[in-house]
Amino acid sequence: MISVNDNFRLLPESYLFSEVGRRIREFKKVHSDKDVIRMDIGDVTRPLFPCVIEGMKEGLEEMSKDVSFKGYGPEQGYDFLRNAIVEFDYSLKGIKISADEIFVGDGAKSDLGNLGEIFSEKCSIALMDPAYPAYFDDNVIDGRAGRFENGKFSNILYLDCLPENGFIPTLPDRKVDLIYLCFPNNPTGAAISKKELKKWVDYALENQSIIIYDSAYESFVRESDKVRSIYEIENADQVAIEVRSFSKTAGFTGVRCGYTVVPKYLKGLYANGEKVSLNSLWLRRQTTKFNGVSYVTQKGAFALYSEEGRKSIKENSDYYLRNAAVIAGSLGEKGFKVYGAKNSPYVWACLEGGHKDSWLLFQQLLEECNISVTPGIGFGSHGDGYIRLTGFNSYENTLKAMERFRSRF
Ligand SMILES: *Cc1c(COP(=O)(O)O)cnc(C)c1O
C-alpha cells in the first residue's frame, strides 16, 4: 500500500467545530422540541452587498460575449483590484505598498497554509495560545512542529495570551524564525495598539524573524489607537507578510477572495547562503500551484472599494459589533468575565471566581439555555475554562439567545 504523510498522525483527533456540531446534533436528537441558537458560528450570516452583486453581474455579462470574455487572469490578480487595494487599504492611510506586492487569492486560510511552503521546514515558529487552529495544523502537516511531548510541540514556542497580559503576548526570550500574529484576534477578540505591535516589529528586525500577520478582522477595529495593518508600524515592510480576507468584512466566506501582501524588501536564505526575495518565491509558488481567483469574484471584490462598498463594510461590521456588545453585556451580568467585543465580533468569556472546564460550560449552556458556544480549549491550552461566542447570528436571534441565557443561567 502507498505510504502517506506521517505528519497527519500528529494532528488532533477531531476538528473542533465538527465535535461542536456532533454534540449539538446529539442534543437535538433527544430534545427535538428545543431550538438551539448558534452562538458558536465562525461564519457570517448577512448577504452580499448590492454593489457586490452588481459588480459580479457586470463581470458575468462581460464573460458572456466573445469581445470581453476573460480566460486565465494576471498571476497576482487583476490590476483594477490590486490598484484599489493599494489606494484604499494602504496609500490613503499613508502606507507605502505597491501593486506588485499584492497577491489576490481565494481567502486567508489557503494563503496562511500555503505560505509555509516558502520557508524551510527547520524554521522555528511562535504561535499564540489560544489561536486560530489552522496555524498549528498547517505547521504540523508541513513537518515543522517537531516532536509532540507533554501536550506541546518541541519546535513551537507558545505565546501565552492571558487576561494578565490583556491577551497580547510578551516577546520571546529567544530567537524565533517565523511568528504568527492575529489582531483583532480570533478567539480572544483582543486588538493590539501601535505601541505593543512596534515591540514585535523591533524584535523581528533584531532577530531577522518574519511575522505572518493575519488581519482578517481589520474592518472591526473602532478604537483609533488600535492597529488595522501591521504596515502602520514603521519598518514593518522589512519583517512582515500581511494576510487579509473579504470573508468576515464583506460576507465573502462562500465567495472566496482575499489577498496577501509580500513586500519586495523581504529576503530569505537558501541553504547555500544565497539570498532570495520572498516576494519572488511566493510568486513562483502561486504560479505553480494556483491559477487565480475568478474574474467575476474579483469584480465583486473591486466593488467593495467604491463609496457604497466602503459604507456597506462599515455598516456590516457595525451590525455584528452590536450583537457582540449585547452578548458581552448579558454574560457580564451573569458572573462571567468578558473580553473582546469592542474591536471584534468575538466575545471571549470565563466564569468569574472559579474555574469551569470549557466543555462543561458548553454542555451547560446547550442544555439549560439551548444556545451553542465554542469551547475555548479547542483554540489551545490557555483557552481552557473559556468559551467563545460570536456576533455573527442575526440581531433578533442574538437578543432571543441572551434573553434565554439571562432567565435560565
Ligand atoms: C475566518 C478566518 C480566516 C479565514 O478566512 P478565509 O478568507 O475565509 O479563508 C483566517 N484567519 C482567521 C483568524 C479567521 O478567523
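Higher on the page you've got the structure.
What counts and what doesn't
Residues numbered from 1 in each chain as written. Predicted model: local features only at pLDDT ≥ 70, side-chain atom pairs only at ≥ 80, totals over all residues. Heavy atoms only, no water. 1 Å grid on protein atoms, 1.4 Å probe; cavity = no way out; pocket = protein on both sides within 12 Å on 5 of 7 lines; lining within 4 Å. Points joined across faces, edges and corners; volume = space filled by probe spheres on them. Helix = DSSP H or I, 4+ residues; strand = E, 2+ residues; numbered from the N terminus. Near = heavy atom within 4 Å. Polar contact = N/O pair within 3.5 Å; in protein donor to acceptor, adjacent residues only side chain to side chain. Areas by Shrake-Rupley, 256 points an atom, 1.4 Å probe, with all protein chains shown as cover. Nonpolar A, V, L, I, M, F, W, Y, C, P; charged D, E, K, R; others polar. Phe/Tyr/Trp six-rings, centres within 6.5 Å; stacked < 30°, edge-to-face > 60°. Buried < 20%, exposed > 50% of the residue type's maximum accessible area, 1.4 Å probe, protein only. Pairing = 2+ DSSP bridges. Contact = heavy atoms within 4.5 Å. Axes fitted to C-alpha atoms, helices over the stretch in contact; angles between N-to-C directions.

(A) The layout of surface pockets, seen in detail. By volume, the largest pocket amounts to about 850 Å³. What lines the largest pocket is a set of 26 residues, among which Gln208, Ile210, Lys267, Gly268 and Leu269 lie closest to the centre. Looking at which element gives the most residues to the lining of the largest pocket, the answer is strand β11 (residues 267-269), with three residues.

(B) Molecular detail of the site of the ligand. Neighbouring residues of the ligand: 14 residues in total, closest Asp214, Tyr217, Ser245, Ser247 and Lys248. Interatomic distance of 2.7 Å between a backbone N/O atom of Ala108 and an oxygen atom of the ligand. The protein chains hide 93% of the 390 Å² of surface that the ligand would expose on its own. Listing elements by their share of the shell around the ligand, those giving two or more residues are α4 (108-114) and α7 (247-250). Take the shell around the ligand: its biggest share by element is three residues, from α4. Of the residues in the shell around the ligand, the class split is six nonpolar, four polar and four charged.

(C) Just unusual backbone geometry, in detail. The residue after Asp129, namely Pro130, is reached through a cis peptide bond having omega 5°. The residue Pro130 is located in the loop between β3 (125-129) and α5 (134-141) in this model. For the bond from Asn186 to Pro187, the omega torsion is 20°, close enough to zero to count as cis. Tracing the chain through its elements places Pro187 in the loop between β7 (178-182) and α6 (194-207). Backbone geometry at Asn150 places phi at a positive 50°, although glycine is not the residue there. Position of Asn150 relative to the elements: it lies in the loop between β4 (148-149) and β5 (152-153). Its identity is not glycine, yet Gln208 carries a phi of approximately 55°, on the positive side.

(D) Region of interest: the packing of aromatic side chains. For the structure on display, the rule yields 28 aromatic pairs. Arranged with centres 5.3 Å apart and planes meeting at 70°, the rings of Tyr217 and Tyr346 form a pair that is edge-to-face. Taken together, the residues span a long stretch of sequence, with Tyr217 in the loop between β8 (210-214) and β9 (240-245) and Tyr346 in strand β14 (residues 346-351) at a distance of 129 residues. Given the relative accessible area of 2%, Tyr217 is considered buried. With a centroid separation of 6.0 Å and an interplanar angle of 50°, the aromatic rings of Phe246 and Tyr259 are classed as tilted. Of this pair, Phe246 sits in the loop between β9 and α7 while Tyr259 sits in strand β10 (residues 258-261), and the two are 13 residues apart along the sequence. A relative accessible area of 5% means that Phe246 is categorised as buried. Of the aromatic side chains, those joined through ring pairs into one cluster are Phe17, Phe167, Tyr339, Trp348, Phe379 and Tyr386.

(E) Representation of the sheet that holds strand β16 (residues 374-375) in the model. Read from one edge of the open sheet, four strands run β13-β14-β17-β16, paired in antiparallel fashion. Among the strands making up the open sheet, the edge pair consists of β13 (336-340) and β16. Pairing of β13 with β14 involves five bridges; the strand directions are antiparallel. Counterpart to Phe336 in the pairing with β14 is Leu351. Contacts from helix α10 (residues 307-333) reach β13, β14 and β17 (386-390) within the one sheet, and its direction differs from that of β13 by about 160°.

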